[in-house]
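Structure at a glance
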Amino acid sequence: RDRLLFCPADDEGLDESEHVVRLGGAPNQTVVPLVKYAYTDLRKRKLFLVGDDSIYSRAAGEIAAHEFEQLAGRVVGRKY
């Protein structure tokens, strides 16, 4: 309806709209650099994902897993 929607920082950020204003970093802006840092600088090759049972945690986990596997890392488990 051509209105602006302001989303909090803990929004999963998986939608696209010219009418959405994000108030903070979405997981793809915060998790991706962290995963790359863990893989390259800390030389971690295994990842175990832990989070609460929410859309945000699951979305962030999927992004982290995807990025880690793209770097040839392995996700060894998940607990939500």
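Residues numbered from 1 in each chain as written. Predicted model: local features only at pLDDT ≥ 70, side-chain atom pairs only at ≥ 80, totals over all residues. Heavy atoms only, no water.

1. What about the confidence of the model for the protein chain?
Put simply, the rule is: A residue's pLDDT is the confidence the predictor assigns to it, expressed on a 0 to 100 scale. By the criteria applied, helices consist of DSSP H or I runs no shorter than four residues and strands consist of E runs no shorter than two, each listed in order from the N terminus.
Confidence along the protein chain averages 89 in pLDDT terms, with 96% of residues attaining 70 or more. Strand β2 (residues 20-22) is the least confidently modelled element of the protein chain, averaging 80 in pLDDT, while strand β4 (residues 74-79) averages 98, the highest of any element.

2. A few points about the packing of helix α1 (residues 27-40) against helix α2 (residues 55-70)
Just so we agree on the cut-off: Comment: axis = line fitted to C-alpha atoms, over the contacting stretch for helices; angle = value between 0 and 180 degrees taken between N-to-C directions. Roughly parallel covers angles under 35 degrees, roughly antiparallel covers those over 145, roughly perpendicular covers 65 to 115, and oblique covers all other angles. Left-handed is the label given to a crossing in which the near helix is rotated counterclockwise from the far helix by less than a right angle, and right-handed is the label when the rotation is clockwise. By definition, residues are in contact when any of their heavy atoms lie within 4.5 Å. Any residue outside Ala, Val, Leu, Ile, Met, Phe, Trp, Tyr, Cys, Pro, Asp, Glu, Lys and Arg is labelled polar, Gly included; the first ten of those are nonpolar and the last four are charged.
In the contact formed by α1 and α2, the axes pass within 9 Å of each other and the chain directions differ by 40°. In terms of orientation, α1 lies oblique with respect to α2. α2 is crossed by α1, and the crossing has right-handed handedness. When α1 is examined against α2, the residues Pro27, Asn28, Val31, Val32, Val35, Lys36 and Tyr39 are found in contact with a partner set consisting of Tyr56, Ala60, Ile63, Ala64, Glu67 and Phe68. When its residues are assigned to classes, the contact of α1 with α2 shows 10 nonpolar, 1 polar and 2 charged.

3. Let's talk about the side chain of Ser57
Put simply, the test is: Note on classification: 1.4 Å probe, protein chains only; a residue is buried when its accessible area is under 20% of the maximum for its type, exposed when over 50%, partly exposed between these limits.
With respect to the helices and strands, the residue Ser57 is situated in helix α2. What makes Ser57 buried here is its relative accessible area of 15%.

4. A word on unusual backbone geometry
A positive phi is found at Arg43, a non-glycine position, where the angle reads about 60°. Positive phi values are uncommon outside glycine, yet Ala72 reaches one of about 80°. Topologically, Ala72 is positioned in the loop between α2 and β4.

5. Focus on α2
Applicable threshold: Here the expected length of a helix is defined as 1.5 Å per residue gap, with one fewer gap than residues.
The terminal C-alpha atoms of α2, which comprises 16 residues, lie 22 Å apart, in line with the 22 Å expected from a rise of 1.5 Å per residue. Of all the positions in α2, only Ser57, Ala59, Ala60, Gly61, Ile63, Ala64, Ala65, Glu67 and Phe68 are classed as buried. Contacts from the buried residues of α2 go to α1, β3 (46-50) and β4. Taken from the residues just after α2, Ala72 is the one with a positive phi, measuring 80°.

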